[in-house]
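What follows is each chain in one-letter form.
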Amino acid sequence: DSGVTQTPKHLITATGQRVTLRCSPRSGDLSVYWYQQSLDQGLQFLIQYYNGEERAKGNILERFSAQQFPDLHSELNLSSLELGDSALYFCASSFAGTGQETQYFGPGTRLLVL
Amino acid sequence: SQQGEEDPQALSIQEGENATMNCSYKTSINNLQWYRQNSGRGLVHLILIRSNEREKHSGRLRVTLDTSKKSSSLLITASRAADTASYFCATDLTGANNLFFGTGTRLTVIP
């Protein structure tokens, strides 16, 4: 158990809908990362937050947004969903939010868009 | 595009044999990490090797790093069926805060 929690575990929704994925980092970690894993794209970095502020942005679509709250949990909002958004979404956390640390991954949210 | 590329994409071996996976990357890094992922689950950190290190061991794992060739290898000795998983290398670009993951090697260890 990494100490990172993600909810929900599974999500089934329809095209055009909006969903929110939630992540709680390990106790003491200040940084949260979001990744998307699909069969054809592999593991793609989406966005990183550190202590409530956006720190790095990757291949995140404009239809997606995220935030980190004062209690350090984070939410990833996916809107106007398309079939191609079906994937595993992982959250990871680390203490200082640098690339020189271990990242601790949550169990993921499996999103299926029908 | 992916910063790291693993080779081979898939590897199947008998229990007790050694497994070697390779990772190549494109630009300068501060460190390289290896992660393991059991099917459909979260990634688990295995080992981190810094750019000024050439070799590192952790239990049955041995990692090498050749910065001149921009490549790393992960050796799992005396493999077990429980080692069946996908293995990813991840690099941090100099100056970046996030990791870039490779495409992964799918390892199957046959009992």
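In case you missed it, the structure is sitting above this.
Remember, it's a predicted structure, so these values are computed and weren't measured experimentally.

Rules behind the numbers
Residues numbered from 1 in each chain as written. Chains lettered and ligands numbered in written order. Predicted model: local features only at pLDDT ≥ 70, side-chain atom pairs only at ≥ 80, totals over all residues. Heavy atoms only, no water. Helix = DSSP H or I, 4+ residues; strand = E, 2+ residues; numbered from the N terminus. Rg over C-alpha atoms; globule rule 2.2 N^0.38 Å. Buried < 20%, exposed > 50% of the residue type's maximum accessible area, 1.4 Å probe, protein only. Contact = heavy atoms within 4.5 Å. Areas by Shrake-Rupley, 256 points an atom, 1.4 Å probe, with all protein chains shown as cover. Lys, Arg positive; Asp, Glu negative; His and termini not counted. Charge placed at Lys NZ, Arg CZ, Asp CG, Glu CD. Pairing = 2+ DSSP bridges. Axes fitted to C-alpha atoms, helices over the stretch in contact; angles between N-to-C directions.

A look at the overall build of chain B
Counting secondary structure elements, chain B contains 0 helices and 11 strands. Along the chain direction, N to C, the helices and strands of chain B fall in the order β-β-β-β-β-β-β-β-β-β-β. Compactness check: chain B gives a C-alpha radius of gyration of 13 Å against a globular reference of 13 Å for 111 residues, within 12% of the reference. Counting the 111 residues in chain B, one finds 44% classified as buried. For chain B, restricting intrachain contacts to residue pairs at least 6 apart in sequence, the fraction spanning at least 24 positions comes to 56%. Within the structure as shown, chain B displays about 5100 Å² of accessible surface, and the carbon and sulfur contribution to it stands at 46%. Computed over 12 positive and 10 negative side-chain charges, the separation of the two mean positions in chain B equals 4 Å.

A closer look at the sheet that holds strand E8 (residues 71-76) of chain B
Residues and elements named next belong to chain B. The antiparallel open sheet is built from 5 strands, whose spatial order is E1-E3-E8-E7-E6. The open sheet has two edge strands, strand E1 (4-7) and strand E6 (55-58), and neither has a second partner. Between one strand axis and the next, the sheet turns through 15 degrees on average, direction left out of account. Relative to strand E3 (residues 19-25), E1 is paired through 4 bridges, and the arrangement is antiparallel. Following the sheet pairing, Asp7 is matched in E3 by Asn22.

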